[in-house]
Amino acid sequence: MGVFNTLFSLMMLFPTITPIIPMVEETMQPQIEIMVVGDIMMHTPVTNAGYNPVTKEYNYDTYFDEVKSIFAQADWVIGNLETPLAGQAMGYNGYPRFNAPMEIAQSLKEAGVDVLTTANNHSLDQFEKGLVKTLDHLDELEILHTGTFRTEEERNKPLILEKKGISIGVIAYTYGTNGIPLPKNKPYMVNVYNLEKIKEDLKKLEEAEVDYIVAMIHYGDEYQRFPSETQKQWTSELMELGVDFVLGSHPHVVQPLEILNGKGVIYSLGNFISDQRWEWKDYGTILYLHLQKDAIKNRVELVEADAIPTYVLKTRTQGKINYRILPLKEKNPLIEEEVWLKGQELFEHIFGIKKITSN
Ligand SMILES: [Zn+2]
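Residues numbered from 1 in each chain as written. Predicted model: local features only at pLDDT ≥ 70, side-chain atom pairs only at ≥ 80, totals over all residues.

A. Summary view of the overall build of the protein. Within the protein, the secondary structure is distributed over 10 helices and 16 strands. The C-alpha radius of gyration computed for the protein amounts to 20 Å, which stays within 12% of the reference 21 Å derived for 359 residues, consistent with globular compactness. For the protein, the spread of C-alpha atoms along the three principal axes comes to 55 × 50 × 35 Å. Residues counted as buried form 45% of the 359 residues belonging to the protein. Considering only residue pairs separated by 6 or more positions, the protein has 70% of its internal contacts joining residues 24 or more positions apart. (Helix = DSSP H or I, 4+ residues; strand = E, 2+ residues; numbered from the N terminus. Rg over C-alpha atoms; globule rule 2.2 N^0.38 Å. Buried ≥ 20, exposed ≤ 12 C-beta atoms within 10 Å, placed from the backbone. Contact = placed C-beta atoms within 7 Å.)

B. Region of the structure containing helix H5 (residues 103-111). Among the residues making up H5, those that are buried are Glu103, Ile104, Ala105, Ser107, Leu108 and Ala111. Of the surrounding elements, those touching the buried residues of H5 are strand E3 (57-58), helix H4 (68-71), strand E4 (76-81), strand E5 (115-117) and helix H6 (127-140). Positioned one or two residues after H5, Gly112 has a phi angle of 115°, which is positive.

C. The sheet that holds strand E7 (residues 159-163), seen in detail. Strand order across the open sheet formed by 6 strands is E7-E8-E9-E10-E12-E11, with mixed pairing between neighbours. In this open sheet, the two strands that pair with only one neighbour each are E7 and strand E11 (254-260). Between one strand and the next, the sheet's axes are offset by a mean angle of 15°, whatever the strand orientation. Judged from the 7 bridges that link them, strand E8 (residues 166-174) and strand E9 (residues 212-218) form a sheet pairing that is parallel. (Pairing = 2+ DSSP bridges. Axes fitted to C-alpha atoms, helices over the stretch in contact; angles between N-to-C directions.)

D. Quick peek at helix H8 (residues 195-207). An ideal rise of 1.5 Å per residue puts 18 Å on 13 residues; H8 measures up with 18 Å between its terminal C-alpha atoms. Residues of H8 that are buried include every one of Ile198, Asp201, Leu202 and Leu205, and no others. All buried residues of H8 lie within an arc of 95° about the axis, which places them on one face of the element. Seen from the open side of H8, the exposed residues pointing more than 90 degrees away from its buried face are Glu196, Lys199 and Glu207. Summarising the contacts, the buried residues of H8 are in contact with E8, E9 and helix H9 (229-241). (Expected span 1.5 Å × (residues − 1). Arc of directions from axis to C-beta.)

E. Up close: the nonpolar core. Ile34, Ala215 and Leu247 are the most contacted members of the largest nonpolar core, which has 92 residues in total. Here Leu247 is in contact with Val36, Val214, Ala215, Met216, Ile217, Ile266 and Leu269, once residues within four sequence places are set aside. (Core = buried A, V, L, I, M, F, W, Y, C linked by C-beta atoms within 7 Å.)

F. Looking closely at the pairing of strand E16 (residues 320-327). Two elements, strand E15 (residues 299-317) and E16, share 8 bridges in a ladder whose sense is antiparallel. When the bridges of E16 are listed, Thr317 appears paired with Lys320. Taken together, E15 and the strand that follows it, E16, pair antiparallel across an intervening segment of 2 residues, in which Gln318 is found at a positive phi of about 50°.

G. Region of the structure containing the confidence of the model for the protein. Taken residue by residue, the protein gives an average pLDDT of 92. The fraction at 70 or more is 91%. Confidence drops under a pLDDT of 50 for residues 14-22, and excluding neighbours within four residues, the segment shows 4 contacts in the predicted structure. Across residues 355-359, confidence stays below pLDDT 50; counting only partners more than four residues off in sequence or on other chains, it has 7 contacts. (pLDDT = per-residue confidence, 0-100.)

What follows is the structure, encoded as structure tokens:
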């Protein structure tokens, strides 16, 4: 894996622990792998590039060709869907009031994404109707979701992922909805950051005896490479309340990862896909969390956190724009040297370290 070395990041997290894990012990204990990506932004060129004028259909499968085999190694893949999928009748649109074809979710599913969080500043871009349609479409595609809700009953049922004897509670909250008010008398439709509501969610997850809790939080200042005071404050609030790993989204650039008292945060995962270019906006990361159940302590623990930087390759062939998400994990002819080197720099930025030379 070159510098994106798994043992290396393990050592960064647990510098006092020798990174050699006896394989026998490891296989005896249930373990799972979670991968998380950041903002899925459907700017107009990104939406249009999936259109085939001959078939008059949208398809985004090729965008994810390079990440599919990575996602295949995970038990769960989670991302932040930052656009309504309100249907063609409402007109597709990019910034500032998004509406994208449901085919993007279909291609994400095809690529291996299992869960999409929907609480973000674009949740209400197509108002209540768009919010409802989005969730209907995700249900149709059998993609799990949380963060926005059609009914109060739906909101009150927490999202729990279960596999290999390990259960994970997922919550998602946003700082706001770009000034678009929540539908009248329906405050349950969008999870807007509120400690009382979060406490209720966590209580439900505790009652369900989940092993681990992750929170996708849409917060922070756009284009800032380091967390704001608010991000730090919210993160510590969430950890104190029982969240095990905070997954940050919204700044459109990747911010660092920290481990605090055995709990973790990545302040921003960056853009997984978007049309934003330059100054790190065309980079993102796949966060990788390896959890293991300690049979003696009967507790699930984070044994490894790693990251694979990603780059949104935008090309033009014969006037047609194409996008492709490139994992910067192994060298590949599609990855230019400059992009590769920036990927290494981004990895260092995430882990707050200077690269250790390795071949
Ligand atoms: Zn946002």
